[in-house]
Amino acid sequence: MNLYTKNHYILYEMNHKHLIYALGLTLGLASTPSVVLAQTPDESKPTTVEQPAQDDLEQKLRGILKADGTPVFNDSAISSLKSRDIPLDYAFGLASIIEPSGERLINENIPWFDIYDAYEREVPLNYVKEIAGLTGRNGSGFFFGSIVDYFENGGTVNFAMELISIRDKGGNPIFAGYEVEEYHATGGTIGSVKSLLELEDGHGKMIFDIGGSEITEFLTVGGTLDIARDLTGMKDIEGKSIFESGYELNSFLRAGGSVGQARELFSLKDKKGDPIFSGFGMGRFLEEKGTFDLAKKYSSIESPGERPFFRGLNMAMFESLGGSVAYARLFADLNNQEGIQIFNGSNIWDFTRHGGNLRYARDLINVRDQNGRPIFSNGFDMAWYHEQGGTIQYARDLASLTDDYGNPSLDQRHMSRIQEAGLTLDQVRSVHGVRDSVDDTMLDGLSIYRLAQLGLTPAEINFQDTSKPNAVIIYPTRDWNGAFESEEELALFQSIRGDYDVFVRLADQESDAYRAISRVPSVDLLILGGHGSEKSMS
């Protein structure tokens, strides 16, 4: 008997980041980025290149090759240099500069253009060499164009070296090389960067921890150290800043927000005393032209629990769809059999953005079991069902498929997944009508959905033994990321089904798997599917 096990947690969850890290270790690469600082040239030594004969320089330029073996400087490029009176020793000096990454600094496709730009703006060759030798975050250096712009705007080598030497708590540079020119253009100082990097969210995380561009944008949208301190000083009941990152600060300021507006929105609290608005939510709300008065009206919609009906971000998203406070109140009044609100601010937005309306919601709530309880009891599942194109009539038809006690075999999640899989009512009915040949029980809702999705016939569900070899396939009841319902998995199953008599069951615990295996004589192929780790599977 062949034992074929699948651990999808490992197969599906490995990401590029881990793969790159693994390759880095294999090749002996450093696991953390480093700052490479060019040495300051010795003033006692000449800093100009030797002046070989003009013909010799031309030959040297022609000898610089691309990766494919073709010359960087072909006849056209040489002609362009000469026609613009660019000294060939200057051109050769720039063309010879290799970045720390191993790439050539100039554009190999139109090399004369970069050289001409630098020459016209009188950028010294040694200056380019020094700047090009600097690297910052993730080993990133300067682009050629940014070096030229940086020089023209008065940027110095020392400023660049000092800026990329500033590091975060992990010892990594904040600025990439190409971000230095952008920051310098704002008029920002070294001191400003250091001060902003001292700001934390109250739980030890730096506010500005993404990179230099985040700090540059903060200054560009009018941010100051005082503004940053005021905004990050607004904290929740756990002492964490509602503005958790430079990105959120920038979004808020870009939307026209002020410290005064932030304080007003921050004053709106839930029943626990937590702010209703996050920093990100404030920015989105202002983008939708939200006002403090409008926010107060939304926050007045009551919720039975401690959580508010609307969080600030939900208000913003609902407003972006053309929603109103009055319309939201109508959704808030929809309750299930136990009197619990079906919707909250989050799933009203999700439901509405897929075209859901109040009439559809009310009709779906009226699809009930024999005890009068709504099949759909929360807004999240109503939104999901509607998003998949589910109709009221289809929900009624699925609800009519009952178990031995007269209750619907399928719940709201099963109905949504059936709709998502595009199964017809006849396909579902065919599986629903099958009773277990051993204990005469009906299949549960999840099994009805999965076996119908796999296209099994009633005979196959109870195992039909022919001349083909036998296979037992066990799927998990908990497939949190849908790994076992992917197109690849369904195609794999159909290929096995063509070569084997298959017996499929869903297992919630180990004993379920043993029980299924015992049902099939002479198992030739056993497939155990599940998520897990190196030593376990579930």
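Reference entry: report on the structure contained in this document. (Residues numbered from 1 in each chain as written. Predicted model: local features only at pLDDT ≥ 70, side-chain atom pairs only at ≥ 80, totals over all residues. Heavy atoms only, no water.)

1. Comments concerning the pattern of salt bridges
A full pass over the atoms with the stated rule returns 27 salt bridges. Across the salt bridge formed by Asp512 and Arg515, the nearest N and O atoms sit 3.0 Å from each other. Here Arg515 and Asp512 lie together in helix 29 (residues 510-518), a separation of 3 residues that amounts to about one turn. Each of Glu58, Arg62, Asp75 and Lys82 takes part in one network of salt bridges that share partners. (Salt bridge = Lys/Arg side-chain N within 4 Å of Asp/Glu carboxyl O. Helix = DSSP H or I, 4+ residues; strand = E, 2+ residues; numbered from the N terminus.)

2. Re helix 21 (residues 358-365)
Of all the residues in helix 21, the buried ones are Leu358, Tyr360, Ala361, Leu364 and Ile365. For helix 21, the arc enclosing every buried residue in end-on projection is 160°, short of the 170-degree limit, so these residues lie on one face. Looking at the buried positions of helix 21, the neighbouring elements they touch are helix 19 (325-332), helix 20 (345-353), helix 22 (379-387) and helix 23 (392-399). Here helix 21 starts with a cap whose side-chain oxygen sits 3.2 Å from the backbone nitrogen of Arg359, and that cap is Asn357. (Buried < 20%, exposed > 50% of the residue type's maximum accessible area, 1.4 Å probe, protein only. Arc of directions from axis to C-beta. Contact = heavy atoms within 4.5 Å. Polar contact = N/O pair within 3.5 Å; in protein donor to acceptor, adjacent residues only side chain to side chain.)

3. Quick look at the packing of helix 5 (residues 88-95) against helix 7 (residues 125-132)
In the contact formed by helix 5 and helix 7, the axes pass within 10 Å of each other and the chain directions differ by 5°. If you check the angle between helix 5 and helix 7, you find them roughly parallel. On helix 7, the residues touching Tyr90, Gly93 and Leu94 of helix 5 are Leu125, Val128 and Lys129. In terms of residue class, the contact of helix 5 with helix 7 is made up of 4 nonpolar, 1 polar and 1 charged. (Axes fitted to C-alpha atoms, helices over the stretch in contact; angles between N-to-C directions. Parallel < 35°, antiparallel > 145°, perpendicular 65-115°, else oblique. Nonpolar A, V, L, I, M, F, W, Y, C, P; charged D, E, K, R; others polar.)

4. Focus on the pairing of strand 3 (residues 501-507)
Counting buried residues along strand 3, 7 of its 7 residues qualify, which places the element largely inside the surrounding structure. Two strands pair when backbone bridges link them, and strand 2 (residues 470-476) and strand 3 are joined in this way by 7 bridges, in the parallel orientation. Residue pairing across strands places Ile474 opposite Arg505, the latter belonging to strand 3. Crossover handedness for the path strand 2 to helix 28 (residues 487-499) to strand 3: right-handed. (Pairing = 2+ DSSP bridges. Right-handed = clockwise from strand over helix to strand, strands pointing away.)

5. What about the packing of helix 15 (residues 259-266) against helix 16 (residues 279-287)?
One can describe the packing of helix 15 onto helix 16 by two numbers: an axis separation of 11 Å at closest approach and a directional angle of 110°. Comparing the axis directions of helix 15 and helix 16 gives the class roughly perpendicular. Between helix 15 and helix 16, the contacting residues are Gln261, Ala262, Leu265 and Phe266 on the first element and Met282, Phe285 and Leu286 on the second. Among the residues making up the contact of helix 15 with helix 16, the classes are represented as 6 nonpolar, 1 polar and no charged.

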